[in-house]
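# Chains, contacts and geometry: an overview
So the chains spell out like this:
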Amino acid sequence: MERVAIIGAAQTKYERNKPDTFAEMIYEVVSKALEDAGITIKEVDNVVSVSSDFWDGRTISSMAISDASGAFGKDITTVEGDGTFGALYGMMRILSGSFGCTVVCAHHKGTESNMRGITNTAFDPLVERRLGLDSINSAALQARRYMSKWGVWEEQFARVSVKNHGNAMRNPLAMLPMEITVDDVMASRKLADPLKLLDCSPVTDGAAALILAAERNAKKWTTNKKRVWMKGVGHCSDAFRLGDRDLADTRALKQAAKKAYAMAGISDPLKEIDVAEICDAFSYMELMWLEGLGFCDDGMGAEFVERGHADFDGALPVNPSGGRLSAHPVQVAGLAAMAECVLQVRGEAGERQVDGVETALAHGINGMCGQAHCVWILGK
Amino acid sequence: MGIETAGAAAVPRRSQRRFKQVREVIDALRHGTRRNTRRLAAKREVKQLSDWKDQVEVMVHHGKISVPYSWTVGSTLSKWYVLMRDKGEIWANRCPSCGKVYVPPKIKCNDCYKDMNDWVKLPGTGILESYTVVHYSEPVIQPQEPPIIYGLVKMDGADTAMVHLMGEVEPEQLMVGMRVEAVMSEEREANIFDIRYFRPSAGGEA
Ligand SMILES: [Zn+2]
C-alpha cells in the first residue's frame, strides 16, 4: 500500500475574540502550511475542510471558506466533527488513488457565539435537549461516574490541569499558559460538580491546516526531515445517548487505539510512543483516555499522571502543547494535536520539544463525553 | 421564520499603532522625488503586508438567528410519551435477541441491530449512577434557575440509564448508588417533563 505523509502543518495563535474572520484564519493557516511544505496551491488537488455550521452561524459553512482553503477550481469536501476525522478522510482520498495532495483545514470561533446554547443542540430535541444538557454538565456526569467507578478524586483531576497549563508556558500559540497549583484548581469557581472552572477547557478561536501527500509526491517535493508519515489510524464510535453507554467505559477508544496500533505495528504503546497529544477538553478526560489508549490499566490514569509519567520530562509526555485545557478550538482541536505531533517528530517544536521523538500519538474526540474517538500514529 | 441582523455596532479591537510610519509614507509621497517615493513606497509595501493590520479598527457585527422547527416524535418515542401522559407510567422496550432493556425506548438494539417490539412497564424506581449540581446560569437552555441537579438514573428493570432532573433533595444529600424514584407531573403533555424529576426514595443507599 502506498503511504501518505504530512508534508506541511500550520496553526494560528489561539485566542479569545480573535479579530480574524473564518476565511482570514483559513487563508493564514493554508498559506503557512503550503510554505512549510515548500509547495504552491497548484500542487494541491483536493481539500477536506472541517467546520460546524451551528458554531459558524450559517449553513454550508465549508463553502464559505472554500476560496480561502485554496479549493477554487478543485475538489472540496467537508467533515463536520473533529479535525482528526478530517485528516482520516484526507488520507483515504489519497489512498483511493484519486488524489495526490490534500489540504485538510479546520476553523472554529467559539467566542463569537454561545457555547452552552450550541452544545445543548447536540442533544436529542425529543428527549434530553429540553432538560438543558450541554457539554459541561454532561461531562460532569461522566466525571462523577468515572470517580465512583474507580475511586478517583477531584484533586487527581486537578493535577492534569496544573500539568497542562504549565506546559502551555512553553507554547507561544497557547491561550492560557499558567503556573497554577492543585489548590488553585480546587478553589476555582464551581461550574457543574465535580467540575470547576480550571477543570474545563476555555472557549477559544483558531484554525489549523495540514498538507497530506501521496508517497510519490512527498518524496519528490520534500526533504526527509519535513516528511512525517501517517503510520496508523483507527476510529470508533459508541452509542449516541449518554445513558446507553457506561460513561466510565472507554470501549470505543480501545477499539480505535487497537486499529491504529495494529496498522502502525505497535505492540507496547508506552514503550514505542514518545509523545502524545490527547483530548483533554476536561481534566478528567486525559486520565480516562490514557487508560483507553492502553498507556495504563483501567482506573490507573490518575496514578499514571500523579507519578509524573505524563509530565514534560516523564516516560510519556502528554500534551506538551498545553492541550485543550490551554486552548480548545473545538473542531480544530484534533488537527492542532496532529500539527503539534508533526513538529515533535520533526524536532521543530521549539521550547516544547520533547527529546528524541520518533513516534507520536494524536487523539481527537467527536460527540458528547467522547462518543467517538480517532487515534493517529505519526512518525519518521 | 426570521433571520434578524441587528444594526452594526462598532467595537474597536485594535488601537491605532505605527501611525508614524504611515505619516512617513504620506510625507514622502507628497514631498519626495518620484524616484525615492517609489523606493520608499516599495519598501513600505513589503512591511505593510503585516503592518497595515495593526492600524485597522476591526468591526464586529451582532446578529441572531431564530428559526422555528417542528420535530416529529416518531412512533417509538410517541408511544412512550403517550403512555406517560395517559397512564403516568414509564415503559421501556426489550431486544428480542440479547434481552437488553432500553429506556427511553429505541427502535433497534445498539448491539444486535434488531427491532425491539417487546414493551415492558418499569416500576419507576432505580439507582442514582451519577449526578451533578449545575451552578452557572444559562437561561437560553436551562428549564429552571440554578442550582440545577441532574441525575443519571439506572431504573429498575432497565439496562440503560436516563438523564433527568433531581428534586426534593439537597446537594449534600446526593450519593452515587442511592435509591431514587420518578415523580410524575400532575399536568402531562407527552414530553420529557411528564416525569417531573427523580427524588430519593425509601430504602436509602442500595
Ligand atoms: Zn440486543
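Rules used throughout
- Residues numbered from 1 in each chain as written.
- Chains lettered and ligands numbered in written order.
- Predicted model: local features only at pLDDT ≥ 70, side-chain atom pairs only at ≥ 80, totals over all residues.
- Heavy atoms only, no water.
- Helix = DSSP H or I, 4+ residues; strand = E, 2+ residues; numbered from the N terminus.
- Buried < 20%, exposed > 50% of the residue type's maximum accessible area, 1.4 Å probe, protein only.
- Contact = heavy atoms within 4.5 Å.
- pLDDT = per-residue confidence, 0-100.
- Axes fitted to C-alpha atoms, helices over the stretch in contact; angles between N-to-C directions.
- Parallel < 35°, antiparallel > 145°, perpendicular 65-115°, else oblique.
- Nonpolar A, V, L, I, M, F, W, Y, C, P; charged D, E, K, R; others polar.
- Pairing = 2+ DSSP bridges.
- Buried area = accessible area lost by both parts, 1.4 Å probe.
- Salt bridge = Lys/Arg side-chain N within 4 Å of Asp/Glu carboxyl O.
- Polar contact = N/O pair within 3.5 Å; in protein donor to acceptor, adjacent residues only side chain to side chain.
- Donors = N, O, S within 2.8 Å, 3.2 Å for Na, K, Ca; no water.
- Tetrahedral: all angles 85-135°; square planar, octahedral: opposite > 155°, others 65-115°.
- Core = buried A, V, L, I, M, F, W, Y, C linked by side-chain atoms within 4.5 Å.
- Phe/Tyr/Trp six-rings, centres within 6.5 Å; stacked < 30°, edge-to-face > 60°.
- Lys NZ or Arg CZ within 6 Å of the ring centre and 35° of its normal.
- Left-handed = near helix turned anticlockwise from the far one by under 90°.

## As for the overall build of chain B
Along chain B, the regular secondary structure elements total 3 helices and 10 strands. Going residue by residue from the N terminus, the α and β elements of chain B occur as β-α-α-β-α-β-β-β-β-β-β-β-β. Per-residue burial for chain B yields a buried fraction of 37% across its 206 residues. The long-range share in chain B, meaning contacts at least 24 apart out of those at least 6 apart in sequence, stands at 57%.

## With respect to the confidence of the model for chain B
Residues and elements named next belong to chain B. Here chain B averages 83 in pLDDT, and 74% of its residues register 70 or above. Under a pLDDT of 50 for its full length, residues 1-42 has, in the predicted model, 53 contacts with residues more than four places off or in other chains. What the predictor reports for the complex is a pTM of 0.91 with an ipTM of 0.95.

## So, the packing of helix 7 (residues 154-167) of chain A against helix 12 (residues 283-292) of chain A
Residue and element names in this part refer to chain A. Close contact between helix 7 and helix 12 brings their axes to 7 Å; oriented N to C, the two are set at 100°. Between helix 7 and helix 12, the angle is such that the two are roughly perpendicular. Residue-level contacts link Gln-156, Phe-157, Val-160, Ser-161, Lys-163 and Asn-164 of helix 7 to Ser-283, Tyr-284, Glu-286 and Leu-287 of helix 12. Its residues assigned to classes, the contact of helix 7 with helix 12 comprises 4 nonpolar, 4 polar and 2 charged.

## So, the environment of Pro-202 of chain A
Residues and elements named next belong to chain A. Among the structural elements, Pro-202 can be located in the loop between strand 6 (195-196) and strand 7 (205-214). By relative accessible area, Pro-202 is classed as buried at 10%. For Pro-202 and Arg-3, which are 199 residues apart along the polypeptide, the C-alpha to C-alpha distance reads 36 Å. In this structure Pro-202 touches Arg-16, Met-175, Leu-176, Arg-324, Leu-325, Ser-326, Ala-327 and His-328, once residues within four positions along its chain are discounted.

## Some points on the pairing of strand 4 (residues 101-109) of chain A
Residues and elements named next belong to chain A. Of all 9 residues in strand 4, 9 are buried; the element is thus mostly enclosed. Burial along strand 4 is two-sided: Cys-101, Val-103, Cys-105, His-107 and Lys-109 and Thr-102, Val-104, Ala-106 and His-108, pointing in opposite directions, are all buried. Examined bridge by bridge, strand 2 (residues 46-50) and strand 4 share 5 bridges and lie parallel to one another. Opposite Val-50, over in strand 4, you have Ala-106 as the bridge partner. Pairing geometry for strand 4 and strand 7, over 9 bridges, is antiparallel.

## Some remarks on the interface of chain A and chain B
Every contact between the two is made by 36 residues of chain A and, on the other side, 42 residues of chain B. Summed over both partners, the interface of chain A with chain B comes to about 3400 Å²; 59% of that surface belongs to carbon and sulfur atoms. The tally of links between chain A and chain B comes to 2 salt bridges. A salt bridge links Glu-138 of chain B to Arg-116 of chain A; its shortest N-O distance comes to 3.2 Å. Taken together, chain A and chain B are joined by 15 residue pairs in polar contact (both at pLDDT 80 or more).

## Considerations on the coordination of the zinc ion
Residues and elements named next belong to chain B. Distances from the zinc ion to its protein donors, namely Cys-95 (SG), Cys-98 (SG), Cys-109 (SG) and Cys-112 (SG), fall within the range 2.3 Å. One can describe the site at the zinc ion as tetrahedral: its 4 donor atoms subtend angles covering 105 to 114° at the metal. Classification of Cys-95 by relative accessible area gives buried; the value is 1%.

## A look at the pattern of salt bridges
Evaluated as defined, the whole model comprises 39 salt bridges over all chains. Notably, a salt bridge pairs Arg-159 of chain A with Asp-311 of chain A, separated by 3.3 Å at the nearest N-O pair. Of this pair, Arg-159 of chain A sits in helix 7 while Asp-311 of chain A sits in the loop between helix 13 (301-306) and helix 14 (323-326), and the two are 152 residues apart along the sequence. Of the residues examined, Asp-311 of chain A reaches a relative accessible area of 19% and is grouped as buried. In this structure, Glu-168 of chain B engages Arg-199 of chain B in a salt bridge whose closest nitrogen and oxygen atoms are separated by 3.2 Å. One end of the pair, Glu-168 of chain B, is in the loop between strand 8 (161-165) and strand 9 (178-184); the other, Arg-199 of chain B, is in strand 10 (residues 195-205), and 31 residues separate them in sequence. Using a relative accessible area of 27% as the deciding quantity, one classes Arg-199 of chain B as partly exposed.

## Some remarks on the sheet that holds strand 9 (residues 275-277) of chain A
Residue and element names in this part refer to chain A. One open sheet accounts for 9 strands, arranged 3-2-4-7-1-8-11-10-9; its pairing is mixed. Edge strands, defined here as strands with exactly one partner in the open sheet, are strand 3 (75-79) and strand 9. Put simply, the sheet's adjacent strands are angled 25° from each other on average, direction ignored. Strands strand 1 (4-11), strand 4 and strand 7 of the sheet are contacted by helix 1 (residues 22-37), whose axis makes an angle of about 130° with strand 1.

## Observations concerning the nonpolar core
Counting 101 residues, the largest nonpolar core has Phe-295 and Leu-361 of chain A together with Trp-80 of chain B as the members making the most contacts within it. Examining the composition of this core, we find that 7 residues originate from one element, helix 6 (residues 135-150) of chain A, more than from any other. Counting residues in hydrophobic clusters, the runner-up holds 42 residues, among them Val-79, Ile-94, Val-104 and Leu-173 of chain A.

## Section: the side chain of Thr-250 of chain A
Residue and element names in this part refer to chain A. Locating Thr-250 in the fold gives a position in the loop between strand 8 (228-237) and helix 10 (251-264). A relative accessible area of 5% means that Thr-250 is categorised as buried. With near-sequence residues (within four places) excluded, Thr-250 lies in contact with Met-288, Trp-289, Gly-292 and Asp-298.

## Some words on the sheet that holds strand 3 (residues 90-94) of chain B
Residues and elements named next belong to chain B. The 3 strands lie next to each other as 4-3-5, forming an open sheet whose pairing is antiparallel. Whereas interior strands pair on both sides, the edge strands pair on one side only; in this sheet they are strand 4 (101-102) and strand 5 (118-122). Across the sheet, helix 3 (residues 74-87) touches strand 3 and strand 5, and the angle it forms with strand 3 is around 150°.

## Quick look at the packing of aromatic side chains
Going through the model one piece at a time under the given rule, you end up with 5 aromatic pairs over all chains. Where Tyr-146 of chain A meets Phe-157 of chain A, the ring centres are 6.4 Å apart and the plane angle is 20°; that geometry is what we call stacked. Here Phe-157 of chain A lies in helix 7 and Tyr-146 of chain A lies in helix 6, a separation of 11 residues in the sequence. This pair shows no difference in class: Tyr-146 of chain A is buried, exactly as Phe-157 of chain A is. One aromatic cluster is present, built from ring pairs that chain together Tyr-146, Phe-157, Phe-282 and Tyr-284 of chain A. The ring of Tyr-131 of chain B has Arg-144 of chain A lying over it, and the distance from NZ or CZ to the ring centre is 3.8 Å.

## Considerations on the packing of helix 6 of chain A against helix 12 of chain A
Residues and elements named next belong to chain A. Across the interface, helix 6 lies against helix 12 with an axial gap of 10 Å and an inter-helix angle of 55°. In this view, helix 6 runs oblique relative to helix 12, as classed from their interaxial angle. As for the relative orientation of helix 6 and helix 12, their crossing is left-handed in sense. On the side of helix 6, the interface is formed by Ala-139, Gln-142, Ala-143, Tyr-146 and Trp-150, while helix 12 contributes Tyr-284, Met-285, Leu-287, Met-288, Trp-289 and Glu-291. Of the residues in the contact of helix 6 with helix 12, the class split is 9 nonpolar, 1 polar and 1 charged.

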